[in-house]
Amino acid sequence: MPGPFVVPVHGDAELPAEVDVVVIGGGIIGVSTALELAEAGQRVALCEKGGIGHEQSSRNWGWVRVAKRDPREIPLVLEAQRIWHGLNARTGRDTGFTQAGILFNAEDEREGAGYEKWLKHIDGLGIDCRMLSGAEFAAMFPQSRLRPPAALYCADDGRAEPQKAAPAIAERARECGAHILTECAVRGIETSGGAVSAVVTERGTIRCRAAVLAGGAWSEMFTRSLDAGIHLPQLKVRNSVLRTEPHDGGPEQALWAGDFAIRKRQDGGYTIASGIGNIVDIVPASFRYALDFVPALKAEWRALMLRAGWRFLDEARMPRRWSLDEPSPFEYCRVLDPKPSRKLADMAMASAQRAFPALASAKVAQRWAGYIDATPDAIPVISDVAKIPGFFIATGFSGHGFGIGPGAGRLMADLVLGRTPVVDPKEFRLERFVDGSKIELLAGY
């Protein structure tokens, strides 16, 4: 595929006739859920319309962080970080995870005060996260021209390789008995007595008692096609990224500095992107969920670039319903591979080079883009679906999915199995968008 190279995972040749749970979507959320369920002794089939980790799970920055997380996500992030630390041993494969620390620059005293306020959310949790003075920042990065008045530094945070992680987890899930089915789009679900009884794929039907939708940016389309009155407000946000060839002189820690974000790669190069520049294509769903997203637009308008173009027509032409015995839209677009904004990526690169002069001679190896699956409050849906017993959704991670993915998989498995949840799932329930709950986007997270 044109995006970043992903460690290949070859799908199983045979479709199982029956399993306990079908997981729809082979990104890091889906594979993590499949592994948790398989390790719990469940018969699992994971169905992916394209390849494992080929969309946003391989296109993100590779950050594994608690720093500046939405407070509602912190318990789940801590569970995810616990899993990340043992993931190489658990899977028997290299995910590239290393605990190297992450920093967020404060451009002024007001931003620094906001970081200080955020730190109160982790008081007593034993997390090595603190404010650095300008002098401490300068001592940590003597090679940098950046001289912020302060910075938020979380030494417990880390990074991993997006092109390796989801494949590693998927292969381990297969070793635990899961069926890994690539190039196998799910067209829809079948019910008996109103509850999930099977999923229909392009290769045939799989009987099951539960189905988990972890479809990333495709989830809204899938739920709408079920014609069950499920309200899942979700829009796509496009972020552009580049990577450099191996190069010395950049920071060891990951760093966000507003106009650029940088993360050292396992291969010695750097992943660089704009810290604030995201493109939002105006599409039919923009109007469908306009009221849901008004508060988010007001809070984050500086970071969002609304664009009208051919994407509107592309999505307008997609069918809203289809028969389960005919090809679905998921079979006509195996991988979402949006065109990157060369301008935004190169501006971020130039800012990184100004901040770290040693990167001046670094060469760009590749540019790509990915679609972030965003919700109005920028936290995910990890929930059962009351309208369809046996149907569950894990989506809308709003740019936080890679780092939180293993924890989300654990929580989703708990919900499917009826176990005591590893964290309280109330903040992630689907019904919050329709039951009168206060949907709040906490700016800055």
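From a predicted model like this one, the values you see are computed outputs, not experimental measurements.

Rules and cut-offs
- Residues numbered from 1 in each chain as written.
- Predicted model: local features only at pLDDT ≥ 70, side-chain atom pairs only at ≥ 80, totals over all residues.
- Heavy atoms only, no water.
- Helix = DSSP H or I, 4+ residues; strand = E, 2+ residues; numbered from the N terminus.
- Buried < 20%, exposed > 50% of the residue type's maximum accessible area, 1.4 Å probe, protein only.
- Pairing = 2+ DSSP bridges.
- Axes fitted to C-alpha atoms, helices over the stretch in contact; angles between N-to-C directions.
- Polar contact = N/O pair within 3.5 Å; in protein donor to acceptor, adjacent residues only side chain to side chain.
- Contact = heavy atoms within 4.5 Å.
- Parallel < 35°, antiparallel > 145°, perpendicular 65-115°, else oblique.
- Left-handed = near helix turned anticlockwise from the far one by under 90°.
- Nonpolar A, V, L, I, M, F, W, Y, C, P; charged D, E, K, R; others polar.
- Right-handed = clockwise from strand over helix to strand, strands pointing away.
- Bend = angle between axes of the 7 residues up to and from the residue.
- Arc of directions from axis to C-beta.

Looking now at unusual backbone geometry. The phi torsion of most residues other than glycine is negative, and most of the peptide bonds are trans. Not every positive phi belongs to a glycine, and Asp227 is a case in point at roughly 55°. Its place among the elements puts Asp227 in the loop between helix H7 (219-225) and strand S13 (235-244). On the basis of relative accessibility, which here comes to 58%, the residue Asp227 falls in the exposed class. The phi torsion at Ala378 lies on the positive side, around 60°, for a residue other than glycine. Positionally, Ala378 belongs in the loop between strand S19 (364-374) and strand S20 (381-384).

In this section: the sheet that holds strand S10 (residues 195-201). Ordered by their spatial adjacency, 3 strands build an open sheet running S9-S10-S11, and the pairing between neighbours is antiparallel. This sheet does not close on itself; its edge strands, each paired only once, are strand S9 (186-192) and strand S11 (204-207). Strand after strand, the sheet turns through a mean of 30° between neighbouring axes, direction not considered. As defined by bridge partners, S10 adjoins S11 across 4 bridges and the pair is classed as antiparallel. In the strand pairing of S11, Val200 is matched with Thr205.

For Ser398, the location among the structural elements is in the loop between strand S21 (391-395) and helix H12 (401-417). Classification of Ser398 by relative accessible area gives buried; the value is 14%. Only 3.1 Å separates the side chain of Ser398 from the backbone oxygen of Gly396, close enough to count as a polar contact. Not counting residues up to four positions away in its chain, the partners in contact with Ser398 are Ile372, Asp373, Ala374, Thr375, Ala378 and Ile379.

Before going further, it helps to spend a moment on the packing of helix H1 (residues 28-39) against helix H6 (residues 162-175). Between H1 and H6, whose axes approach to 9 Å, the crossing angle comes to 25°. In terms of their interaxial angle, H1 and H6 are classed as roughly parallel. Helix-helix and strand crossings are classified by hand; for H1 and H6 the assignment is left-handed. In this structure, H1 uses Ile28, Val31, Ser32, Ala34, Leu35 and Ala38 to contact H6, whose residues at the interface are Ala165, Ala166, Ile169, Ala170, Arg172 and Ala173. The residue makeup of the contact of H1 with H6, split by class, is 10 nonpolar, 1 polar and 1 charged.

Here we come to the pairing of strand S1 (residues 21-24). Of the two faces of S1, the one carrying Val21 and Val23 and the one carrying Val22 and Ile24 are both buried. The pairing of S1 with strand S2 (residues 44-47) spans 4 bridges and is classified as parallel. Following the sheet pairing, Ile24 is matched in S2 by Cys47. Following the chain from S1 across H1 to the adjacent parallel S2, one finds a crossover that is right-handed.

Of all the bends in H12, the largest measures some 35° and sits at Gly407. The buried count for H12 comes to 14 of 17 residues, which makes it a mostly enclosed element. A positive backbone phi angle near 75° is found at Gly418, which sits one or two residues after H12.

Checked against the element boundaries, Asp94 lands in the loop between helix H3 (74-91) and strand S4 (102-106). Taking the relative accessible area as the measure of exposure, Asp94 reaches 36% and is therefore partly exposed. Note: C-alpha distance between Asp94 and Pro71 (23 residues apart in sequence) is 30 Å. Apart from residues no more than four positions distant in its own chain, Asp94 is found in contact with Asn88, Lys164 and Gln266.

Here Ala362 shows up in the loop between helix H11 (342-355) and S19. Beyond its immediate stretch of four places on either side in the chain, Ala362 contacts Thr244, His247, Met349 and Gln353.

Moving on, we come to helix H4 (residues 109-119). Looking at H4, one finds that the buried residues are Gly112, Tyr115, Trp118 and Leu119. Considered in projection along H4, the buried side chains sweep an arc of 115° and stay on one side of the axis. For H4, the exposed residues set more than 90 degrees away from the buried face come down to Glu109, Arg110 and Lys117. Among the structural elements, H3, S4, strand S5 (129-133), strand S6 (150-154) and strand S14 (254-256) are those in contact with the buried residues of H4. In this structure Asp108 caps H4, since a side-chain oxygen of it lies 3.2 Å from the backbone nitrogen of Arg110.

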